[in-house]
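# Summary of structural features
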Amino acid sequence: MAALRQHLRPSSWVWFLFGPASRGDYDSPVLHSHDDYEQASETDLAGFEVESDSQGHHYAVRREDLPKEQV
């Protein structure tokens, strides 16, 4: 056991104890379905506009707070 301890890194120990990770079917397409929480988040984020200042910092501004010309 001491010989194994010298040769295995921590990530190798996980593989040694539990075996290789199960990755599933590589040929099947990845499906991502939106749940209610994700739909609500997208709706909330749609009300923001990303602005940048002269120094390159980015921040979010509510669209209702922007002047009418920028919306």
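Summary of the structure given here. (Residues numbered from 1 in each chain as written. Predicted model: local features only at pLDDT ≥ 70, side-chain atom pairs only at ≥ 80, totals over all residues. Heavy atoms only, no water.)

## Points about the overall build of the chain
Counting its regular elements, the chain contains three helices and two strands. Going from N to C terminus, the chain has its helices and strands arranged as α-α-α-β-β. The 71 residues of the chain split such that 6% are buried. Taking contacts inside the chain between residues at least 6 apart in sequence as the whole, the part at least 24 apart equals 0%. (Helix = DSSP H or I, 4+ residues; strand = E, 2+ residues; numbered from the N terminus. Buried < 20%, exposed > 50% of the residue type's maximum accessible area, 1.4 Å probe, protein only. Contact = heavy atoms within 4.5 Å.)

## Brief notes about the pairing of strand 2 (residues 58-62)
Bridge count for strand 1 (residues 48-52) against strand 2 is five bridges, and the pairing is antiparallel. From the neighbouring strand, Val-50 faces strand 2, where its bridge partner is Ala-60. Where strand 1 folds back on strand 2, the antiparallel hairpin that results is connected by five residues, among which Gly-56 adopts a positive phi of roughly 90°. (Pairing = 2+ DSSP bridges.)

These figures capture arrangement, not role.
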